Each structure stands twice: as C-alpha cells, then as structure tokens.
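Structural characterization, general
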Amino acid sequence: MTPRATLRLQFHKGFTFADAEKLVPYMAALGVSHLYASPLTAARAGSKHGYDVIDPTRVNPELGGEEGLARLVEALRRRGLGLIVDIVPNHMAASLENPWWADLLHHGEASRYARSFDIDWDTEDPQLRGRVLLPVLAKPLHEAIAAKELGVAERAGKTFLHYHDLHLPMTGPDIDRQAYRLAWWRTANDRINWRRFFDINDLVCLRMEDEETFENVHALIARLYREGLVDGVRVDHVDGLNDPASYCRKLRRRLDPEEPMRPYLVVEKILLRGETLPADWECDGSTGYDFMDQVSALQHDPAAERVLATAWAQLSGRPADFAPEEQAARREIIGRSFAAPLEAAVAAFARLARADPATSELSRPALRRALVEMLVHFPVYRSYATPTERPKRDRPYLDAAAHGAKRTGRTSDGWVVDTLHRWMTEIVPDGAAIGRFQQLSAPVAAKSVEDTAFYRYGRLLSRNDVGFDLDRFGTRPADFHALMEERCARLPRSMLATATHDHKRGEDVRARLAVLSERPQAWIDRSARWMEASGALRTDGQPAAGDIAMLLQMIVGAWPLDLASDDAAGRVAFAERLAGWQEKALREAKLRSDWSDPDQIYEAAARRFLQRLLAEGALPDLLADIFAFVQSIAAAGAVNGLAQAVLKLTTPGVPDLYQGTDYWDFSLVDPDNRRPVDFERRCESLSSLDHADALAHWRDGRIKQAIIARLLAMRRALPDLFTCGDYRPVAVEGPMAEHVVAFLRTYGESHLLVAVPRLPQALVSDRGTLTLEPKSWQDSVLSVPGRALWVDAIGQETLSAPGGAIALQQVFVRLPVAVFSTKWS
C-alpha cells in the first residue's frame, strides 16, 4: 500500500477525532489519500502532542476513544481515504498516570513491568541498587524532610508517600526502603539509573527487545490494522531503540503476518553526511527530514556560504564554521545532561576490558576520556551493531569518530581509542557496552546539535532545522538531481516533508530567508546598519549582538504577508509570537540563559528589545526600513515556497502536508507551529478556486492551495506515474541554467515535465507580483525529448517543443512554476 499523499494533523484535547471528522470532505477535495495522525494512544491528561504515552493499550479517551476513532475512519473510508498513525515505541511518561510506571514504583524489580523499562537495576550506586532514582524533589532530600514536605498517609487501605500533589505508592512506612529513591531533580543527569528520552525526567525509555513489552505496546495498533482502521504507521525516534533493524522487521510481521510488506511503514530517522536508510530495515522510507534538507539546500546559493559565515563570526564572536560549534556543544551536553549514562557505558566497557588479558589494564578514566572524544566526533546519530553483526555501513562513521577522538584527545589515549574502535567494529563476547554507546550517541547528537548548536549558530537560520546537514549550505541542480535519482531507485515510497510539528521555522520562513543567500553582501550591509541603529534599544549592552542578529533574521523571515507596518495590533501579535521563539532560542542555546536556570535579567532585556522595536515601534525609521526590505524579497520568497511545494508533489516519494501548510506557512518553533488552523477559511477557498484571482492576490495563500490541489488531482489521475515512474534530469542550456531545476517523470505512455525556478530574486518582477520577467531568462532553454505537445497541468495551457527545445520564457508565462503532462487534463 502506497499513500498518494498525506495530511498530518496534531490531535489533543482541543482537537479531537470529531473535529477531524468534520474536515474529511476538505481532505478529499484537496486530494490527499491519507490522514496522518499524531499519536492516538492514551497520554497524560491535557497532552498537546501525545508522545507522553501512559497506556499503549487504549485509544486516548480525550480524543474520543476507540468509538470516536472508528467514526472518523468510517468517514474517511466513505471518501476513499485511509489512516496512518504515529506510534511511540521508545518511551512512555514517567508519571503516576501511567499504570506501568506506578506498578514499578510500588513493586520494584518484582513488578511485571520491571523488564519493560530500560533500568539498570544492578547499578554501581549502592543507594540505587535494586531501585530507581525518582528525581521529583524541588530541593535536596534532607531539606525536603526538614521542611516537612514529605508525609505518609493511608488511603483506601493503602499507604502513600505524599509530596505536594504526588501520591507515591509505599510498601512499608520507611521512606528509605521503597522501590524508588527520591532525589532532587538537579541530580538526575549525574545519578539517574534509567534511560530517559533525551534528558527529560518525565519520559522513561522502553525495551522493545523484550517480547512481552513489544507485544503490550503493539497489540492495539496491530488490531486496528487487522480490523481495517489503520493502513500504516510512522515510528517515532527509531534510533532510541536497541536494535532498529530487528524492530522494524518484527513490526511488519506483527502488523500483517500474511503480507508483512503490505503496511506502509516509515521511521523518524535523521540522516546525515551521506547516510542512507538501510534496506534490511524493510521500511518504506523515512518521515521526510532528508527531503526537507535537500530541497532547502537547493534553494540556497553555495557561493554565499563563506561570506555569510565570516560575517556571522565577526558580528557574534562565535565560530564561522558549524563544526567547532557542534563539537563544543557535544562536549558540554555530555557533561551536563548525560553524565549518568556515560558512566554506565564506561562501566560496561570496563567489564569488557577486564575479560581480556590484553586490555585488562585499561583504566576507567582513560575509557571515559576516549568515549567522550568519540561521542564529540561521531558524525551521525548512531551505529547499528548487534551482538552478532557489525554492519559495514557503520565503518566510515566509526573510523571518523576514532580519527577525531585521536586528534583532539590526549596523545597517550590513542591506544584506548583504537581499542574502542576495534570493539565497535569486531564481534566481542559481550555486546552490552556497544549497545549502551549506541543508545547514548543518538540523544547526545539530538540535544547537542538540534537543541543547542542550532540556536548558537546564526550564519543563516534557514539552514538550521531538524535533520539538516550543516556541512552543506547549498547545492546545485545537478546534486539535487542525483539525490532524487537515488531516492527513485532505492526508496520511492519514502515520505517527502517540508514542515513538521518539530520544525524550527515554517517552510515559507525558510524559503524567504533563502533569498538572502542570493545577495549575501547586501544582506550583511543592511543588517549591520540595523544593528547599529537599534543600539538605543539595548539595556546595559544586552541582548548580545548574536542574539539581535538572529532576531532580525526571524523578523525578516516570518513577517506575515498581510501585516502592514502601520498595523499596531498586528505588530503586537507578531511580537508575542516572536517572544515565544526568543525565549526558547535563548534557553536552548544555553549561553546566557537556560531552562534549568533562566537568566531573568537577560531575558527581560531581550524581550524588551523585541517589544520596543516591533510592538511599540520605538525607532520608526528602522522599522520602516525593515518592512521595506521584507517587501523587497517577499515575492521571491513566495516563489521559493511554490517551487518547494511543487518539488514535494512531483519528485519520487509520498508528499506529506503538515496541517495549515496548504496556505503560506510562517510558523515558528513549537508551540507556535502547533497553533489552531483556520480550516473553515481553507474549505471556503478550495470550494471556489479561481486561479487568476488567487495569483493576483497571492499574499493570502490561495495560490499555494490551488497549485497543491491541482497537483494532487494529477497524482490521483496518474498513480502509477508517481509511484513507479522514473526520474530523469532535463538539461537546461543558456546563461540562466543554474536558475532552473527541471526533470521528467515517465511511466509507460505517461510523461510529466516539471520546471521550477531557483534563486529567483533575479527573476521576479519589481511590481510585487509572482510573475517572472521574460527578459530575465536571456534565451535559456529546456532540452526535452522530441514530443510535440505538452499540456499545462496547472493552467491547462499547451506548449510545443519543436526540435526538443523550449524557451524558458515560454515555460513560465503565467505562473512561476510549471508542470506539463502528455497524458492528463
């Protein structure tokens, strides 16, 4: 089963199955084949995302329960649509709302769920042996006891330990003899003896390698699939699992024992530095971060990288290149967030060393130093060794990590690194140590790169997003074609995403900021003037120059197309949204503030700067200049946005539309990107589409919706072309060849010709429209096979190709994007 296209919806108490049921006619009219749902199992009360699961055996009653889900699916089936569901096998909520966790806290190792959670029951910490650390106290334990914040009480014949609103189960009256040890939350990173999702104390990781746990977690989704309610799944954070390959193969057979390859199965996987999804996982593909990165890089001019990087370093005092920023963040995050799991890995490798006389003198301090250096330099999320296999594809990444570790670590530790490298590339008697390293490197990468370094590095923020490879600032059309040809050959059913619930910036924010790469020096000069002019808004030199520079990028990138500079109320609303991003950015960067220790003075100065600049308009000339600059690049940014949408809908793979992105998407990081969507307005505009009017009023987003709907209709009419068709680059000749990406999709007698502009600032008119200037093409042409007549799939015009050449000014007559077909109208 291959979806034609998906629409991702975020379910929560404020948006339920009943709400989605009302949107089914819109989904069908838009042209998607599947609703792609956020997690549907029971989650913590009021959960906004569903990833904090408390019971994987039940459909979330806050969403409407199984009855509500059945009604939604019935409505979907009536319209010929299906359902794909996000599942969360890696972790659950470490909450008393979770009956598994509550049972564990009551019975400890004797709990039926003791093997379900990834807990080190035999930890070297004598206070925690046979127990779990429970870091829920707001102060050290002795202070909480002295303050009489802990109390024992009877309720319904059971004994509970009370701490504020927590009621913890007890097996006797002695506080120090429970299955858990209470602790100050600040000690968790150093002492915790169970694996968390990243460094979040409220999420505890599961052991999918345990048969009973696997069954308990997947029985519901397997039944829903068997009963025809679900067509496929998205696996959240697959890299957190002990053995992702075995898990994925096992999941397929649990969903459909008779036809295991039938369910649609994609995994959330960050692919970096040329990494590809292994074929032996038997997945249809990833959730699309890789495509999001590839299309973004295509829209950035590689030539701008060095000048932008140098300017950033001079302005901020931070590194010009991302690599040293990443390595510094990795080193810091290992120490502050992952000291306990690092120590557990050190202990496991020490046991491995003692088992072999040749390595028995390897000391734990040396192992610790070497492991830290390898984690600092690990180029991808993780390796995938098992007790019986060392995949060859891991070797280049392990080699790179070892090389980097020997370069920056102690010279005398080189032999330790060599020993670790040998253990990781050869079969060893005890694979537990390798497994600990693999399950540590993934969260270290996520927290260090996405959640730290991305917020410290401001070369151009459009290239800082989930799954993006910052080694590559921009790519040329030939490189993009090569990636698409590889996708067509290897993973033609993989998802194609341009926005997600986790993105740092909306797809059209990135598209607009990409325009800055076309004229980098002009942007550098302009932003430098703004920095100087805004000096009066700083408080005692705060915020720092780098933080101001990032804020200015966000203002330029996210300024709503319908916000006039004199709309005071609109500016206030925009400033409030940016303030939410600003607070998160400062705390994630961990340079001047932090989630654990917010610097209220610095944050107040930063927020005041934003409010005075944008909401209050304290410097009207500066604000007017910012607004004028936004208007000067808005059309080019919108052209990028349409090109991005067309590529997602026509290249090999399954396009995914994140909720609301059928209009312009100028959202910020969560929770801004999870705001309610005005579906009523979208339903109304889709039912009365007028392409000419939508183009004339392009700022309202209807033109994007119109193009998406038209191309989804084509995908419905020509399913084999998009599912099985090949991908062939089309040569572009002439001085503007680098400003076009064109390709053919062919299957049987069906042919599709796609052409979109690249680096469009030099192509758009100066009249504030999306029309491309005919003269800008300078007689450049597409070289296409000698087919006589092409039909415009969007506007129903025709185009001839005498001699196999088409002038680009003929291709982009009315719209800034072009899709032509020989088989559909």
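Residues numbered from 1 in each chain as written. Predicted model: local features only at pLDDT ≥ 70, side-chain atom pairs only at ≥ 80, totals over all residues. Heavy atoms only, no water.

**Quick notes on the overall build of the protein**
Our working definition: Think of it this way: any DSSP run of H or I at least four residues long counts as a helix, any run of E at least two long counts as a strand, and we number them from the N terminus. Any residue under 20% of the maximum accessible area for its type is buried, any over 50% is exposed, and the rest in between are partly exposed; the area is computed with a 1.4 Å probe on protein chains only. Whether two residues are in contact is decided by their heavy atoms, any of which lying within 4.5 Å being enough. Only the protein chains shown count as cover for residues, and all accessible areas are computed by the Shrake-Rupley method using a 1.4 Å probe. Note on charges: Lys and Arg go in the positive column, Asp and Glu in the negative column, and His and the chain ends are not counted at all. Where a charge lies is defined by one atom per residue type: Lys uses NZ, Arg uses CZ, Asp uses CG and Glu uses CD.
Scanning the protein from terminus to terminus reveals 27 helices and 27 strands. For the protein, the spread of C-alpha atoms along the principal axes amounts to about 85 × 70 × 60 Å. Of all 825 residues assigned to the protein, the portion counted as buried reaches 62%. The contacts of the protein with a sequence gap of at least 6 include a subset with a gap of at least 24, amounting to 73%. As presented, the protein carries roughly 30500 Å² of accessible surface, and 51% of it is formed by carbon and sulfur atoms. For the protein, the centre of its 102 positive side-chain charges and the centre of its 113 negative side-chain charges are spaced 1 Å apart.

**Notes on the layout of surface pockets**
One simple way to see leftover space: roll a probe sized like a water molecule over the atoms. What counts, and what does not: Method remark: on a 1 Å grid restricted to protein atoms, a set of points is classed as a cavity if a 1.4 Å probe fits but cannot get out and as a pocket if it is open with protein on both sides within 12 Å along at least five of seven lines; lining residues have an atom within 4 Å of a point. Grid points are joined across faces, edges and corners, and a volume is the space filled by probe spheres set on the points.
Size it by volume and the second largest pocket reaches roughly 1100 Å³. Around the second largest pocket, the lining is made up of 47 residues, and of these Asp118, Asp120, Pro341, Ala344 and Arg436 lie nearest the centre. For the lining of the second largest pocket, the secondary structure elements donating two or more residues are helix 5 (188-191), strand 12 (196-197), helix 11 (339-354) and helix 15 (432-450). No other element matches helix 15, which puts eight residues into the lining of the second largest pocket.

**Structural notes on the pairing of strand 21 (residues 740-747)**
Defined as follows: The criterion for strand pairing is that DSSP finds at least two bridges linking the strands in question.
Strand 21 sits mainly inside the fold: seven of its eight residues count as buried. The sheet contact formed by strand 19 (residues 726-729) and strand 21 spans four bridges and is antiparallel. In the sheet register, arginine 728 faces strand 21, and the bridge partner there is leucine 744. Alignment of strand 21 against strand 22 (residues 750-757), held across eight bridges, turns out to be antiparallel.

**Observations concerning the packing of helix 20 (residues 568-589) against helix 21 (residues 600-615)**
Rules: Note on definitions: angles span 0 to 180 degrees between N-to-C directions of axes, and those axes are lines fitted to C-alpha atoms, for helices only across the stretch in contact. The labels follow the angle: roughly parallel below 35 degrees, roughly antiparallel above 145, roughly perpendicular from 65 to 115, and oblique for the rest. Each crossing gets its handedness from the near helix: less than a right angle anticlockwise from the far helix is left-handed, clockwise is right-handed. Three classes are used, and their members are as follows: Ala, Val, Leu, Ile, Met, Phe, Trp, Tyr, Cys and Pro are nonpolar, Asp, Glu, Lys and Arg are charged, and the others, Gly among them, are polar.
Taken N-terminus to C-terminus, the directions of helix 20 and helix 21 make an angle of 155°; their axes are 10 Å apart at the nearest point. By the angle between their axes, helix 20 is roughly antiparallel relative to helix 21. You can see that helix 20 and helix 21 cross each other, and the crossing is right-handed. Mapping the contact onto sequence places Arg571, Val572, Phe574, Ala575, Glu576, Leu578, Ala579, Gln582, Glu583, Leu586 and Arg587 in helix 20 and Tyr602, Glu603, Ala606, Arg607, Leu610, Gln611, Leu614 and Ala615 in helix 21. Here the contact of helix 20 with helix 21 is composed, by residue class, of eleven nonpolar, two polar and six charged.

**A look at the sheet that holds strand 22**
Overall, antiparallel pairing links the six strands, which are arranged 19-21-22-27-24-25 in an open sheet. Since the sheet does not close on itself, it has two edges, and those belong to strand 19 and strand 25 (798-800), each with one partner. On average, each strand axis in the sheet is inclined to that of its neighbour by 30°, with strand direction left out of account.

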